[in-house]
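As a plain string of letters, each chain reads:
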Amino acid sequence: MSTPQVAVAMDWGGTWTRTAVIDRQGDILWQSRAPNPQGGSKEEYLTNAERLLATAIEQAGGPVAGIGAALAGPVEPTTGTFYQPPNLMVLDGVSFKALWEKAFDVPVFVGNDANLAAFGEYYFGAGKESADNGRPVKTLFYVTVSTGVGGGVVDRGSVFLGANGLTAEIGHTLVDTTDAALVCQCGSRGCLEAMASGTGIGRIARAKLASGGFSDSALASLGADQVDSEAVFAAAEQHDPLAVSILDGVVSALAIGLTNVVHLFNPDMVVLGGGVTDGLVKLDLLSQIHRQILDRAMSELHKDFQLTSSRLGDSVGLTGAAALVWDQLGAGG
Ligand SMILES: [Zn+2]
């Protein structure tokens, strides 16, 4: 019997669950997306996920090599156990590996979504593109700047996990130690996530408007519930001074966080993904972030890295989950 050439991938986020059938080249042959149960019980979530996986296996139309799942939250890598995921708290302590291997009788591999996004970009996205252009990447650091801020690092083809699989949480590195530092969801203050995430940008804009003195801003004409990160990006495109100054703060916070990354990990590629990154790319702000990092980096070799945006977009988690399957099963698997 020939070796199965497709994997089933799942990207389980806070709001959506995506599933796909993906081949060894990282190409998506079929995909689907479904909203998570609203305020559902643990059983509802699990039943829903199993149904989505069963559908994907059916769509594969033959034997699958394995299931890879990217989960939005901390994951213990050997058992695939979810630990205190802030957006999916009802699933705390569930071991997906054991559960799904029993249900589907195929190997299951589970990881944190940002770690696997780094894996996806390394093998099938920006890292692959660079290798194809004659510049293979050794160490890739991926940052998702979205509702939250997360990260992952791949070094010479392997995800660097840390002792418990919880490394590269760049969103909760401190970038502001002043008295004005913003409170973060994690309970700390001055985290990068509080300053640069989509949620953070909306919150900063609403706080500035509430403090008064910005009546000339287009954002002041919106209701408070309409002032979110998308509104800030739209206003910045029209050169609105308040919106531009908020995004200056985002650029500066990301540059500080990434300067720390450059010194800690010495990556030769930094990839930014997520919705906030899309907005920054549109306004051509990635080059500013790059320049600010270069201004601070301590040596020429630390400065020797590419800064680029995600090539895989919304599919980065799915593709990374498939990359994990192919990696774990090995070339001959
Ligand atoms: Zn935090």
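Here the structure is a predicted model, which is why all the values come from computation and not from measurement.

Enquirer: Is there a simple way to explain the overall build of the chain in this structure?
Expert: The helix and strand tally for the chain stands at 11 helices and 12 strands. For 333 residues, the compact-globule formula gives about 20 Å, and the C-alpha radius of gyration of the chain, at 20 Å, lands near that figure. Counting only C-alpha atoms, the chain reaches 70 × 50 × 35 Å along its principal axes. Taking all 333 residues of the chain together, 50% fall into the buried category. Long-range pairs, those at least 24 residues apart, make up 61% of the contacts in the chain between residues at least 6 apart in sequence. Counting every atom, the chain has about 15100 Å² of accessible surface; 51% of that belongs to carbon and sulfur.

Enquirer: Please clarify how the pattern of salt bridges should be interpreted in this entry.
Expert: A side chain with one charge may pair with a side chain of the opposite charge, provided their charged atoms come close. Under the definition given, this model contains eight salt bridges. The salt bridge involving Glu129 is made with Arg311; its shortest N-O contact spans 2.8 Å. Note that Glu129 is positioned in helix α4 (residues 126-132) and Arg311 in the loop between β12 (306-309) and α11 (316-329), a separation of 182 residues in sequence. On the accessibility criterion, Glu129 (35% relative accessible area) is partly exposed. Its salt-bridge partner being Lys303, residue Glu300 comes within 3.6 Å of it at the nearest N-O pair.

Enquirer: Could you clarify how one ought to interpret the packing of helix α6 (residues 198-210) against helix α8 (residues 241-265) in this entry?
Expert: When two helices pack together, their arrangement is given by the angle between the helix axes and by the axis-to-axis distance. Orientation of α6 relative to α8, taken along the N-to-C sense of each, is 135 degrees, at an axis distance of 11 Å. The pairing of α6 with α8 is recorded here as oblique in orientation. Of the two elements, α6 crosses α8, and the hand of that crossing is right-handed. Of α8, the residues touching α6 (which contributes Ile201, Ile204, Ala205, Lys208 and Leu209) are Leu242, Ile246, Leu247 and Val250. When its residues are assigned to classes, the contact of α6 with α8 shows eight nonpolar, no polar and one charged.

Enquirer: Explanation requested: the packing of aromatic side chains in the structure shown.
Expert: Summed over the entire model, instances satisfying the criterion amount to nine aromatic pairs. Each ring, one from Phe96 and one from Trp100, has its centre 4.9 Å from the other, and the planes form 45 degrees; the classification is tilted. Of this pair, Phe96 and Trp100 are both found in helix α2 (residues 96-104), four residues apart, which corresponds to roughly one turn of the helix. Like Trp100, Phe96 is buried. Residues Phe119 and Tyr123 carry aromatic rings whose centres are separated by 5.2 Å and whose planes lie at 80 degrees to one another, so their mutual orientation is edge-to-face.

Enquirer: Please explain the coordination of the zinc ion as it appears in this structure.
Expert: For a metal bound by four donors in tetrahedral geometry, the ideal donor-metal-donor angle is 109.5 degrees, whereas six donors in octahedral geometry ideally sit at 90 or 180 degrees. Around the zinc ion, the protein supplies His172 (ND1), Cys184 (SG), Cys186 (SG) and Cys191 (SG) as donor atoms, at distances of 2.0 to 2.4 Å. Coordination geometry of the zinc ion: the four donor atoms subtend angles of 106 to 122 degrees at the metal centre, consistent with an arrangement described as tetrahedral. If you list the donors of the zinc ion from N- to C-terminus, the spacing comes out as H-x11-C-x1-C-x4-C. According to the relative accessible area criterion, Cys186 is partly exposed, its value standing at 45%. By relative accessible area, which is 0% here, Cys191 ends up buried.

Enquirer: Sorry if this is basic, but what is going on with the pairing of strand β8 (residues 139-145) here?
Expert: Here is the key point about a regular strand: its side chains alternate between the two faces of the sheet. Where burial is concerned, most of β8 is hidden: seven out of the seven residues are buried. Along β8, one buried face is formed by Thr139, Phe141, Val143 and Val145 and the opposite face, lined by Leu140, Tyr142 and Thr144, is buried too. Here β8 runs beside strand β9 (residues 149-155); their pairing, made up of seven bridges, is antiparallel. Bridge pairing in β9 places Tyr142 opposite Gly152. Hairpin connection from β8 to β9: three residues lie between these consecutive antiparallel strands. As defined by bridge partners, β8 adjoins strand β11 (residues 269-273) across five bridges and the pair is classed as parallel. Following the sheet pairing, Val143 is matched in β11 by Leu272.

Enquirer: Whenever I open this one, the nonpolar core confuses me. Can you help?
Expert: Note on soluble globular proteins: their nonpolar side chains tend to be buried together. Within the largest apolar cluster, 43 residues are counted, with the highest numbers of intra-cluster contacts made by Leu258, Leu280 and Ile289. Per-element tally for this core: the top contributor is α8, with 12 residues. When near neighbours in sequence (up to four residues on either side) are disregarded, Ile289 contacts Val251, Leu254, Ala255, Leu258, Leu272, Leu280 and Leu307. Ala70, Val154, Leu312 and Leu318 belong to the second largest nonpolar core, which has 29 residues in total.

Enquirer: Help me understand the sheet that holds β9 in this model?
Expert: Strand pairing within a sheet occurs via backbone hydrogen bonds; the two strands may be parallel or antiparallel. If you walk across this open sheet you meet the five strands as β10-β9-β8-β11-β12, and the pairing is mixed. Of all the strands in the sheet, the pair left with one neighbour each is β10 (158-159) and β12. Sheet topology note: the β11/β12 ladder contains four bridges and is parallel. Among the inter-strand pairings, Val271 is bridged to a residue of β12, identified as Thr308. Most of the contacts of α8 go to β8, to which it runs at about 155 degrees, and overall it touches β8, β9, β11 and β12. Relative to the sheet, helix α9 (residues 275-282) contacts β8, β11 and β12, its axis offset from that of β8 by approximately 95 degrees.

Cut-offs used in this document
Residues numbered from 1 in each chain as written. Predicted model: local features only at pLDDT ≥ 70, side-chain atom pairs only at ≥ 80, totals over all residues. Heavy atoms only, no water. Helix = DSSP H or I, 4+ residues; strand = E, 2+ residues; numbered from the N terminus. Rg over C-alpha atoms; globule rule 2.2 N^0.38 Å. Buried < 20%, exposed > 50% of the residue type's maximum accessible area, 1.4 Å probe, protein only. Contact = heavy atoms within 4.5 Å. Areas by Shrake-Rupley, 256 points an atom, 1.4 Å probe, with all protein chains shown as cover. Salt bridge = Lys/Arg side-chain N within 4 Å of Asp/Glu carboxyl O. Axes fitted to C-alpha atoms, helices over the stretch in contact; angles between N-to-C directions. Parallel < 35°, antiparallel > 145°, perpendicular 65-115°, else oblique. Left-handed = near helix turned anticlockwise from the far one by under 90°. Nonpolar A, V, L, I, M, F, W, Y, C, P; charged D, E, K, R; others polar. Phe/Tyr/Trp six-rings, centres within 6.5 Å; stacked < 30°, edge-to-face > 60°. Donors = N, O, S within 2.8 Å, 3.2 Å for Na, K, Ca; no water. Tetrahedral: all angles 85-135°; square planar, octahedral: opposite > 155°, others 65-115°. Pairing = 2+ DSSP bridges. Core = buried A, V, L, I, M, F, W, Y, C linked by side-chain atoms within 4.5 Å.

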